[in-house]
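Topology and contacts: notes
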Amino acid sequence: EKPPPLPGGHNLGGQLYYTGSSKSFESGDKIVHGQKGEVVGPATDFHQGNGLQMLFPGNATFVDCYLPQLSVEEPPPLPGGHDPGDQLYYT
């Protein structure tokens, strides 16, 4: 029997960009704005029914991501030419 379709019509193994705010987890895994990851299944946690499990390079485990924070297109550059993780100072 064929499994049900994934939320958003995405396919297993598909490549999507993370467009949300960068986050680090206690496990040492992290997700970074603009990072590309692989769809590994439907979300099973808080985003169940409206998210996907994603595997990002360097992470040991899957991360549940909310669909509006995933895109097939690379997000535009950050204002000022900055990269995620840059340290900035308020003056």
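Residues numbered from 1 in each chain as written. Predicted model: local features only at pLDDT ≥ 70, side-chain atom pairs only at ≥ 80, totals over all residues. Heavy atoms only, no water.

A few words on the environment of glycine 37. Relative to the assigned elements, glycine 37 resides in strand E4 (residues 36–42). Take glycine 37: its relative accessible area is 1%, and that puts it in the buried class. Counting along the chain gives 33 residues from glycine 37 to proline 4, while the straight-line C-alpha distance between them is 21 Å. Setting aside residues up to four positions removed in sequence, glycine 37 forms contacts with Gly14, Gln15, Leu16, Met54, Leu55 and Phe56. (Helix = DSSP H or I, 4+ residues; strand = E, 2+ residues; numbered from the N terminus. Buried < 20%, exposed > 50% of the residue type's maximum accessible area, 1.4 Å probe, protein only. Contact = heavy atoms within 4.5 Å.)

Glancing now at the packing of aromatic side chains. Under the definition given, this model contains 1 aromatic pair. Seen in terms of ring centroids, tyrosine 18 and phenylalanine 56 are 6.2 Å apart; in terms of plane orientation they differ by 75°. Their pairing is edge-to-face. Here phenylalanine 56 lies in the loop between strand E5 (51–55) and strand E6 (63–66) and tyrosine 18 lies in strand E1 (residues 15–18), a separation of 38 residues in the sequence. (Phe/Tyr/Trp six-rings, centres within 6.5 Å; stacked < 30°, edge-to-face > 60°.)

For the rest of this paragraph, the subject is the side chain of aspartate 29. If you trace the backbone, aspartate 29 turns up in the loop between strand E2 (23–24) and strand E3 (30–31). Buried and unpaired, aspartate 29 has lysine 30 as its nearest opposite-charge partner, separated by 9.6 Å. Of the polar contacts made by the side chain of aspartate 29, one reaches the backbone nitrogen of alanine 60; its length is 3.0 Å. Sequence-distant contacts of aspartate 29, that is, excluding residues within four places in its chain, are made with Lys23, Ser24, Gly58, Asn59, Ala60 and Thr61. (Lys, Arg positive; Asp, Glu negative; His and termini not counted. Salt bridge = Lys/Arg side-chain N within 4 Å of Asp/Glu carboxyl O. Polar contact = N/O pair within 3.5 Å; in protein donor to acceptor, adjacent residues only side chain to side chain.)

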